[in-house]
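# What the coordinates show
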Amino acid sequence: QLQASGGGLVQAGGSLRLSCAASGITFSSYVMGWFRQAPGKEREFVASISSSGGSTVYDDSVKGRFTISRDNAKNTVYLQMNSLKPEDAAVYYCAAARRLLPVGDEALFDFWGQGTLVTVSS
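Summary of the structure given here. (Residues numbered from 1 in each chain as written. Predicted model: local features only at pLDDT ≥ 70, side-chain atom pairs only at ≥ 80, totals over all residues. Heavy atoms only, no water.)

## A few points about the overall build of the protein chain
Helices and strands together make up the secondary structure of the protein chain, namely zero helices and 11 strands. Start at the N end of the protein chain and walk to the C end: the helices and strands fall as β-β-β-β-β-β-β-β-β-β-β. A globule of 122 residues ought to have a C-alpha radius of gyration of about 14 Å, and the protein chain, at 13 Å, matches this closely. On the principal axes, the C-alpha backbone points of the protein chain span a range of 40 × 25 × 25 Å. The 122 residues of the protein chain split such that 45% are buried. Within the protein chain, residue pairs in contact and separated by at least 24 positions form 58% of the contacts whose partners lie at least 6 positions apart. Between the averaged position of the 11 positive side-chain charges in the protein chain and that of its 10 negative side-chain charges there is a distance of 6 Å. (Helix = DSSP H or I, 4+ residues; strand = E, 2+ residues; numbered from the N terminus. Rg over C-alpha atoms; globule rule 2.2 N^0.38 Å. Buried < 20%, exposed > 50% of the residue type's maximum accessible area, 1.4 Å probe, protein only. Contact = heavy atoms within 4.5 Å. Lys, Arg positive; Asp, Glu negative; His and termini not counted. Charge placed at Lys NZ, Arg CZ, Asp CG, Glu CD.)

## Some details on the state of the cysteines
One pass over the full model with this rule turns up one disulfide. Between the sulfur of Cys20 and that of Cys94 lies a disulfide, 2.1 Å long from S to S. One disulfide, between Cys20 and Cys94, carries an S-S torsion of 60° and so falls in the right-handed class. With a gap of 74 residues between them, Cys20 in strand 3 (residues 16-22) and Cys94 in strand 9 (residues 90-97) connect regions that are remote in the sequence. Neither residue differs from the other here; Cys20 and Cys94 are each classed as buried. (Disulfide = S-S within 2.5 Å.)

## Here's the deal with the nonpolar core
Nonpolar side chains in soluble globular proteins tend to be buried together. Formed by 30 residues in total, the largest nonpolar core has its most connected members in Met32, Trp34, Leu79, Met81 and Tyr92. Mapped by element, the contributors of at least two residues to this core are strand 1 (2-5), strand 3, strand 4 (31-37), strand 5 (44-49), strand 7 (66-71), strand 8 (76-81), strand 9 and strand 11 (116-121). Beyond its immediate stretch of four places on either side in the chain, Met81 contacts Gly14, Ser15, Leu16, Leu18, Arg65, Phe66, Tyr92 and Val118. (Core = buried A, V, L, I, M, F, W, Y, C linked by side-chain atoms within 4.5 Å.)

So, in structure tokens, the structure goes:
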């Protein structure tokens, strides 16, 4: 089970930190990823992190603004979002993939959280 939290309303230029707590899986054996889906749009990849935390991948739209990290001792993955833009507004989902290296293809992810809503006001 993946439980995402931390969403909310923020002004453009502001920051939010999303968290995703995992249970029922061997967390340190899974790549973790964040995806998002805006109204009327398809779900898209945001970032992913290797099972060890040593490697990360980002979509170009968030590079330099978002940081994915994980704490394997706490079975939690984070997404620090800075310099938020109105176009970042979406439901953000965390996901887990049984592999070692980070990937961006959502078809490779095995488990999904319920999503947390991020609203960015201009």
